[in-house]
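A structural walkthrough
Chain residues, written in single-letter form:
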Amino acid sequence: CEPTYLNKENFQQIYTKLKDVDFFSSDEKTLMENEKYMNGIDPDHNFQNYDSCDYIIDTNLITSQSSKELNMVTFNIRSIRKNFENFTFLLSKLKCKVHVICLTETWLGPLDNIKDFELDNYHPPLYQNRTGSMHGGGVITYVHKDINSQKLVKSLSFVDEFNHCLATEIKTNNKT
């Protein structure tokens, strides 16, 4: 099956075709049927053999225009256990300071130690993993130590069957 690439010319056609499709069935029978396929799948092993993505990032293109800018990075790490070393190497090659780093798809489980994934010059990370028997997911937020204050905003953070939201409040120059 060839992939379909979304662009300006075919957007309306694809949208019309897909707008009524229920991708996230809440039907109990369907969920139970799907669950039997998901149990026992470790995302690290699941993607290890089928992942054909080779990321090539020219870090010379990532620059900061001013020392007064707040720089943020969001990165789908697709297993922090598997890709942490490569990610820290990427950070070391950047020519600008990154103040806030958000990693998605960390795939951490209850037996993983978050201290194994701390970054030099950053506060201990705020993180959220999938609960129960759900696999995949997980988010981590790192805030640079140049920022005095960081905290998890529990009232805005949640995990459900399909989503993760880890809200973080930071304070810079006495402004939240």
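Here's what I pulled together on the structure shown here. (Residues numbered from 1 in each chain as written. Predicted model: local features only at pLDDT ≥ 70, side-chain atom pairs only at ≥ 80, totals over all residues. Heavy atoms only, no water.)

Turning our eyes to something else, we now look at the overall build of the protein chain. Scanning the protein chain from N- to C-terminus turns up four helices and eight strands. Reading the helices (α) and strands (β) of the protein chain from amino to carboxyl end gives α-α-α-β-α-β-β-β-β-β-β-β. With 176 residues in all, the protein chain has 28% of them scored as buried. The contacts in the protein chain between residues at least 6 apart in sequence include a share of 66% that link residues at least 24 apart. For the protein chain, the exposed surface amounts to about 13200 Å²; the carbon and sulfur share of it is 51%. (Helix = DSSP H or I, 4+ residues; strand = E, 2+ residues; numbered from the N terminus. Buried < 20%, exposed > 50% of the residue type's maximum accessible area, 1.4 Å probe, protein only. Contact = heavy atoms within 4.5 Å. Areas by Shrake-Rupley, 256 points an atom, 1.4 Å probe, with all protein chains shown as cover.)

Read from one edge of the open sheet, four strands run E1-E2-E4-E3, paired in mixed fashion. Looking along the sheet, the strands with just one partner apiece sit at the ends: strand E1 (72-76) and strand E3 (126-128). Direction aside, neighbouring strands of the sheet carry axes that sit 10 degrees apart on average. Note: strand E2 (residues 100-104) against strand E4 (residues 139-143), five bridges, orientation antiparallel. Looking across to E4, one finds that Ile101 is bridged to Tyr142. (Pairing = 2+ DSSP bridges. Axes fitted to C-alpha atoms, helices over the stretch in contact; angles between N-to-C directions.)

This part covers the nonpolar core. In terms of nonpolar packing, the biggest core is built from 17 residues, with Ile80, Phe87, Ile101, Leu103, Leu119, Ile140 and Tyr142 touching the most fellow members. For this core, the elements supplying multiple residues, two or more each, are helix H4 (80-93), E2 and E4. For this core, the element with the highest residue contribution is H4, accounting for five residues. Beyond its immediate sequence surroundings of up to four residues, Leu103 is in contact with Phe75, Ile77, Ile80, Phe87, Gly138, Val139, Ile140 and Tyr142. (Core = buried A, V, L, I, M, F, W, Y, C linked by side-chain atoms within 4.5 Å.)

The subject of this paragraph is the pattern of salt bridges. Applying the stated criterion across every chain, the model contains three salt bridges. Between Asp112 and Arg81 there is a salt bridge; the shortest N-O distance is 3.2 Å. With Asp112 in the loop between E2 and E3 and Arg81 in helix H4, the pair connects residues that are 31 residues apart, well separated along the chain. The partly exposed category is assigned to Asp112, whose relative accessible area is 27%. For Lys97, the salt bridge identified is with Asp146, shortest N-O distance 2.3 Å. With Lys97 in the loop between H4 and E2 and Asp146 in the loop between E4 and strand E5 (149-152), the pair connects residues that are 49 residues apart, well separated along the chain. For Asp146, a relative accessible area of 46% corresponds to the partly exposed category. (Salt bridge = Lys/Arg side-chain N within 4 Å of Asp/Glu carboxyl O.)

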